[in-house]
Amino acid sequence: MSSPVKTDTEDTVAGPPADGNGSGTSIAGVLMQAMRNNVRQYGMIVALAVIVVLFQIWTGGTLLKPLNVTNLISQNGYILILAIGMMIVIIAGHIDLSVGSLAAFVGAVAAVLMINHHWPWPLALVVSLIIGAASGAWQGFWIAYIGVPAFIVTLAGMLVFRGATQILLQGQSLAPFPDGFTKISSGFLPAVGPNTNYHNLTLLLGLALIVFILFQEFRNRRQQANYDLDVLPFGLFLVKCAAIVATISVFTMLLASYQGFPIVLLILAALLIIFGFVMRNTVIGRHVYALGGNQAAAKLSGVKNKRVTFLIFVNMGLLSALAGLIVAARLNSGTPSAGINFELEAISAAFIGGASASGGVGTVLGAIIGGLVLGVLNNGMSILGVGSDWQQVIKGLVLLAAVGFDVYNKRKVGS
């Protein structure tokens, strides 16, 4: 009889009994236990905070200036989108090397449709997303139903899509795009209400986000207590909530003091909420974890592994297309060189954010955190004038440290 499949969840926190009074357990002990049971999630959050503080000091406060924060979001939005899809692929025990080339191909398709054939940009956008999903379905078919390893299929896809991009664009860039399309990457939510020296709509969105997250935190705590699961003592829980509120408030004020909420951040937030909910609370989300944790046991448990694998790559193709459209809108052109090394950035973000090389472990939030770690490193080193050669060395060492940390934790748990 196969052992149950262990999966990774978003908010599993250990502590004293569910009454929350922390009796019989020291605060330090509770904190250490919580950190041990959530080492991937909490560890990278702490690492991100440390990196932000260090670069804020080293750059003389430039890193967290409103303009630079907005640029940081615009520069890394498409990598974060790819990281979400790549995290799900890696959780299922696969890899996708074609995402950068597919993003470039979809951007080229959009350019040809809008610039050469004068299609309305909303129609071209929808068709481009469909092409991305169909490309993912093509790769998913070979992986799920034919049985070709994902590494080989997506390596072939990387070559095919890169070559197709060159053929489609004939080696030249196409520009410019319509203004409505470019706002997907460079636009902001409109200003509303009286003049307060801040972007009012951004302030309202920040307040709504705080209320939503606090509601979720208290609801999750109550559900854990009802099922006699361990929860943090109430005092530490309030400290956690206060830290969340402070972080969102500072971030909101930074955005509101410039031009407000970027459109690309709105897209990213919607994807984070949707995929976070799917991976935590739906059947297919649990099946993805089960498939990566132990494929044989998952199959015996009734998981339709072929269908789940197929849908994972359809989703990855769709997100690659979305990232490609955002890149094209940011560059205001379809270019043959777009998307180079995007797959490496997405894979790095997933592993830095807590994915396991053996599958079955990872969170959507972790992918975002991993992507932000890379984004802050890139941005901070660029401000400091660090050469691209040293930037590559540092990012490589960060990736190696993240995967090594995962291997060390597994060996420690096994022993």
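Given the structure is predicted, the values throughout are model-derived calculations rather than measurements. (Residues numbered from 1 in each chain as written. Predicted model: local features only at pLDDT ≥ 70, side-chain atom pairs only at ≥ 80, totals over all residues. Heavy atoms only, no water.)

Each neighbour pair has its own omega, and for A175 with P176 the value is -5 degrees, a cis peptide bond. A positive phi is found at N197, a non-glycine position, where the angle reads about 70 degrees. In this fold, N197 is placed in the loop between α7 (179-186) and α8 (200-226). Judged by its relative accessible area of 66%, N197 is exposed. Located in the positive-phi region is N332, a residue other than glycine, with phi close to 60 degrees. Checked against the element boundaries, N332 lands in the loop between α13 (305-331) and α14 (342-352). Among the residues examined, N332 registers a relative accessible area of 28% and is labelled partly exposed. (Helix = DSSP H or I, 4+ residues; strand = E, 2+ residues; numbered from the N terminus. Buried < 20%, exposed > 50% of the residue type's maximum accessible area, 1.4 Å probe, protein only.)

Attention now goes to the packing of aromatic side chains. Considering all chains together, one arrives at eleven aromatic pairs under this definition. Ring centres of F177 and F181 lie 4.8 Å apart, and the angle between their planes is 50 degrees; this geometry places the pair in the tilted category. You can call F181 buried: its relative accessible area is 0%. Here the aromatic cluster, defined as three or more aromatic residues joined through ring pairs, consists of W138, F141, W142, Y145 and F310. Above the plane of the ring of F237 lies R221, whose end atom (NZ or CZ) is 4.9 Å from the centre. (Phe/Tyr/Trp six-rings, centres within 6.5 Å; stacked < 30°, edge-to-face > 60°. Lys NZ or Arg CZ within 6 Å of the ring centre and 35° of its normal.)

Before going further, it helps to spend a moment on the packing of helix α3 (residues 66-91) against α13. Between α3 and α13, whose axes approach to 9 Å, the crossing angle comes to 175 degrees. Considering the angle they form, α3 stands roughly antiparallel to α13. Seen from α3, the contacting residues are S74, Q75, Y78, I81, L82, I84, G85, M86, I88 and V89; seen from α13, they are I312, F313, N315, M316, L319, S320, L322, A323, I326, V327 and R330. Classifying every residue of the contact of α3 with α13 gives 15 nonpolar, five polar and one charged. (Axes fitted to C-alpha atoms, helices over the stretch in contact; angles between N-to-C directions. Parallel < 35°, antiparallel > 145°, perpendicular 65-115°, else oblique. Contact = heavy atoms within 4.5 Å. Nonpolar A, V, L, I, M, F, W, Y, C, P; charged D, E, K, R; others polar.)

Formed by 98 residues in total, the largest nonpolar core has its most connected members in I81, I84, F181, V288, I312 and V376. In terms of residue count, the dominant contributor to this core is α3 (16 residues). Sequence-distant contacts of I84, that is, excluding residues within four places in its chain, are made with L268, L271, L272, F275, L319, V364, A367 and I368. (Core = buried A, V, L, I, M, F, W, Y, C linked by side-chain atoms within 4.5 Å.)

Below, the discussion takes up α3. When the terminal C-alpha atoms of α3 are compared, their 35 Å separation across 26 residues agrees well with the 38 Å that a helix rising 1.5 Å per residue should span. At N76, α3 shows its maximal bend, which comes to roughly 50 degrees. Counting buried residues along α3, 22 of its 26 residues qualify, which places the element largely inside the surrounding structure. (Expected span 1.5 Å × (residues − 1). Bend = angle between axes of the 7 residues up to and from the residue.)

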